[in-house]
There are 2 protein chains.
Amino acid sequence: MSITIRKATVEDSSIILEMIKGLADYEKLAHYVTNTVEAIEALFFEPNPIVHCLIAESSSKAVGFAVYLFNYSTFSGKKGLYLEDFFVDPDHRGLGIGQRIFDALIQIAQEENCGKMDWVVLDWNQPAMDFYHKYGAKPMKEWINYRLNEDQLKNS
Amino acid sequence: MSITIRKATVEDSSIILEMIKGLADYEKLAHYVTNTVEAIEALFFEPNPIVHCLIAESSSKAVGFAVYLFNYSTFSGKKGLYLEDFFVDPDHRGLGIGQRIFDALIQIAQEENCGKMDWVVLDWNQPAMDFYHKYGAKPMKEWINYRLNEDQLKNS
């Protein structure tokens with residue numbers, strides 16, 4: 001099976017939404033997805049977008065994706081690559097597609113002179129953690145994530 | 001005491017580096033800071049920068065800062081505001097400067113139509129957590145942070 005990893009174009013917007021929903025379903029968070037094709041077209045494909053997407057294809061069918069953006073390290077003074085979403089279609093797992101996507105992300109981080117690559121994992125998602133540990137990534141459990149959600153922002 | 005919150009300009013680059021070092025010192029991580037004034041000038045003040053800075057001033061002296069960038073929620077399809085660094089000079093604490101900076105960040109998130117505002121806190125930094133809890137922010141302990149550092153990226 002031949003796998004191609006490529007940067008997404010605006011024509012992929014509906015596929016990106018399908019993949020987002022697929023990942024949310026796996027994370028048991030599908031009821032939170034309110035994103036739309038139109039919103040994806042606007043933010044991923046505007047000039048100087050803040051958010052980017054890689055698509056993994058097999059026989060011209062999308063079988064995986066990664067959504068990423070660039071963050072910053074005040075310590076190193078360098079950009080970082082932040083992996084927001086990473087998903088392989090359940091019918092196409094165990095074929096090395098996730099590794100191909102992750103390797104492509106590392107290559108982008110190298111090309112962009114990034115000083116780090118960050119992401120988060122749900123604490124019950126052991127298969128994902130096992131995958132990341134193979135790359136030598138370590139959990140940074142001393143850092144706790146905080147958030148104000150949309151309602152809190154509006155009411156502050 | 002009159003406090004002004006303003007967006008940083010390229011002339012603030014050395015002040016930004018001082019503040020970064022001040023925060024790193026408080027976090028007991030100062031030995032990791034390799035950032036430079038030149039690197040700050042380049043990444044904060046290029047066209048379409050990925051990273052931004054607010055400065056808090058009292059009597060024309062910088063007394064606090066926040067470094068932030070925009071991230072993305074695949075669930076909402078909206079941008080988010082990510083707070084990377086947030087620091088008030090130790091000699092100027094207890095005067096509400098942190099609250100003024102944080103309120104200005106919330107206002108920027110509102111103006112930019114953000115669906116969330118995110119940040120991380122070191123697990124021993126109870127004063128910071130107490131501050132954030134006043135805004136209704138909650139720790140998201142189910143999400144574990146992972147990272148590949150610069151050496152791991154180079155050797156992958």
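None of these values were measured; they are calculated from a predicted model.

**Student:** Got a minute to help me understand the overall build of chain A in this structure?
**Tutor:** A tally of regular secondary structure across chain A gives 5 helices and 7 strands. Shown N-terminal to C-terminal, the secondary structure of chain A runs as helices and strands in the order β-α-α-β-β-β-α-β-α-β-β-α. With respect to the three principal axes, the spread of C-alpha positions in chain A is 50 × 35 × 35 Å. Per-residue burial over chain A gives 53% buried out of 156 residues. Across chain A, the fraction of contacts at a sequence separation of at least 24, relative to all contacts at a separation of at least 6, is 57%. Summed over its atoms, the accessible surface of chain A is roughly 7400 Å², and 49% of this surface lies on carbon and sulfur atoms. Of the side-chain charges in chain A, 15 are positive and 22 negative, and the distance between the mean point of each set is 6 Å.

**Student:** Just to check I follow, could you spell out the packing of helix 1 (residues 13-26) of chain B against helix 2 (residues 37-44) of chain B for this structure?
**Tutor:** Axis angle and axis distance: for two packed helices, these are the angle between their axes and the distance between the axes, and together they describe the pair. Residues and elements named next belong to chain B. It is the contact of helix 1 with helix 2, at a shortest axis distance of 9 Å, that shows an interaxial angle of 110°. When the interaxial angle is binned, helix 1 and helix 2 end up roughly perpendicular. The interaxial crossing formed by helix 1 with helix 2 has right-handed handedness. Facing Ser13, Ser14, Ile16, Leu17 and Ile20 of helix 1, the residues of helix 2 in contact are Val37, Ile40, Glu41 and Phe44. Here the contact of helix 1 with helix 2 is built from residues that sort into 6 nonpolar, 2 polar and 1 charged.

**Student:** What should I look at first to understand the relation of the copies chain B and chain A in this one?
**Tutor:** The two chain copies are connected by a rotation around an axis plus a translation along it. By a simple turn and slide, chain B fits onto chain A: the slide is 0.0 Å along the axis, the RMSD is 0.0 Å, and the turn is 180°. A rotation of that kind, with that shift, is consistent with a two-fold axis. Looking at chain B, 100% of its interface residues are interface residues in chain A too, so the copies touch through the same face.

**Student:** How do you make sense of the interface of chain B and chain A when you look at a structure like this?
**Tutor:** For interface size, the figure often reported is the accessible area lost on association. Each partner contributes to the interface: chain B provides 66 residues, whereas chain A provides 66 residues. Where chain B abuts chain A, roughly 6200 Å² becomes buried across the two surfaces, and 60% of that area is made up of carbon and sulfur atoms. If you sort the residues of chain B by the area they bury against chain A, Tyr72(B), Phe75(B) and Tyr146(B) come out on top, with a joint share of 16%. The salt bridge involving Lys78(B) is made with Glu150(A); its shortest N-O contact spans 2.4 Å. At the surface where chain B touches chain A, the tally comes to 34 residue pairs in polar contact (both at pLDDT 80 or more). Here the side of chain B that touches chain A is composed, by residue class, of 36 nonpolar, 16 polar and 14 charged.

**Student:** What is the right way to read the sheet that holds strand 4 (residues 79-88) of chain A from this model?
**Tutor:** The pairing of strands in a sheet comes from backbone hydrogen bonds and takes either a parallel or an antiparallel form. Spatial strand order, 1(A)-2(A)-3(A)-4(A)-5(A)-7(B)-6(A): 7 strands in an open sheet with mixed pairing. The open sheet has two edge strands, strand 1 (3-7) and strand 6 (138-139) of chain A, and neither has a second partner. One ladder, built from 2 bridges, connects strand 4 of chain A with strand 5 (residues 116-122) of chain A; its direction is parallel. Residue Leu81(A) lies in a different strand from strand 5 of chain A, and its bridge partner there is Met117(A). Against the sheet, helix 3 (residues 97-111) of chain A makes contact with strand 1, strand 2 (51-58), strand 3 (61-72), strand 4 and strand 5 of chain A together with strand 7 (143-149) of chain B, and its axis sits at roughly 165° relative to strand 4 of chain A, the strand it touches most.

**Student:** What should I look at first to understand the packing of aromatic side chains in this one?
**Tutor:** For any two aromatic rings, the description comes down to two numbers: the centre-to-centre distance and the angle of the planes. Enumeration over the complete set of coordinates arrives at 32 aromatic pairs over all chains. Plain terms: the ring middles of Phe44(A) and Tyr72(B) are 5.2 Å apart, the flat faces sit at 85° to each other, and that makes the pair edge-to-face. With Phe44(A) in helix 2 (residues 37-44) and Tyr72(B) in strand 3 (residues 61-72), this pair bridges two chains. Since its relative accessible area comes to 4%, Phe44(A) is described here as buried.

**Student:** What should I look at first to understand the environment of Ile50(A) in this one?
**Tutor:** Residue position: Ile50(A) is located in the loop between helix 2 and strand 2. Residues Ile50(A) and Ile5(A) lie 45 residues apart in sequence; the distance between their C-alpha atoms is 20 Å. Look past the residues within four positions of Ile50(A) in its chain and what remains in contact with it is Leu43(A), Tyr68(A), Leu69(A), Phe70(A), Phe70(B), Asn71(B) and Lys79(B).

**Student:** How should I be thinking about the pairing of strand 7 (residues 143-149) of chain A in this particular structure?
**Tutor:** Every other side chain in a regular strand lies on the same face of the sheet, so the side chains alternate between the two faces. Where strand 7 of chain A and strand 5 (residues 116-122) of chain B come together, 7 bridges link them in antiparallel fashion. The residue of strand 5 of chain B that forms the bridge with Asn145(A) is Val120(B). With 2 bridges connecting them, strand 7 of chain A and strand 6 (residues 138-139) of chain B associate as antiparallel partners. When the sheet's bridge partners are listed, Arg147(A) is paired in strand 6 of chain B with Lys138(B).

**Student:** Please explain helix 1 of chain B as it appears in this structure.
**Tutor:** An α-helical turn contains 3.6 residues, so a residue and the one three or four places further along point in the same direction. All names here are of chain B. Look at helix 1: 20 Å from first C-alpha to last across 14 residues, which is about the 20 Å you get at 1.5 Å a residue. For helix 1, the complete set of buried residues consists of Ser13, Ile16, Leu17, Met19, Ile20, Leu23 and Ala24. With its buried residues spanning 160° around the axis, helix 1 presents them on a single face. The exposed set on the far side of helix 1, more than 90 degrees from its buried face, consists of Glu18 and Asp25. Downstream of helix 1 by one or two residues, lysine 28 has phi in the positive range, about 60°.

Rules used throughout
- Residues numbered from 1 in each chain as written.
- Chains lettered and ligands numbered in written order.
- Predicted model: local features only at pLDDT ≥ 70, side-chain atom pairs only at ≥ 80, totals over all residues.
- Heavy atoms only, no water.
- Helix = DSSP H or I, 4+ residues; strand = E, 2+ residues; numbered from the N terminus.
- Buried < 20%, exposed > 50% of the residue type's maximum accessible area, 1.4 Å probe, protein only.
- Contact = heavy atoms within 4.5 Å.
- Areas by Shrake-Rupley, 256 points an atom, 1.4 Å probe, with all protein chains shown as cover.
- Lys, Arg positive; Asp, Glu negative; His and termini not counted.
- Charge placed at Lys NZ, Arg CZ, Asp CG, Glu CD.
- Axes fitted to C-alpha atoms, helices over the stretch in contact; angles between N-to-C directions.
- Parallel < 35°, antiparallel > 145°, perpendicular 65-115°, else oblique.
- Left-handed = near helix turned anticlockwise from the far one by under 90°.
- Nonpolar A, V, L, I, M, F, W, Y, C, P; charged D, E, K, R; others polar.
- Least-squares fit on C-alpha atoms with pLDDT ≥ 70 in both.
- Buried area = accessible area lost by both parts, 1.4 Å probe.
- Salt bridge = Lys/Arg side-chain N within 4 Å of Asp/Glu carboxyl O.
- Polar contact = N/O pair within 3.5 Å; in protein donor to acceptor, adjacent residues only side chain to side chain.
- Pairing = 2+ DSSP bridges.
- Phe/Tyr/Trp six-rings, centres within 6.5 Å; stacked < 30°, edge-to-face > 60°.
- Expected span 1.5 Å × (residues − 1).
- Arc of directions from axis to C-beta.

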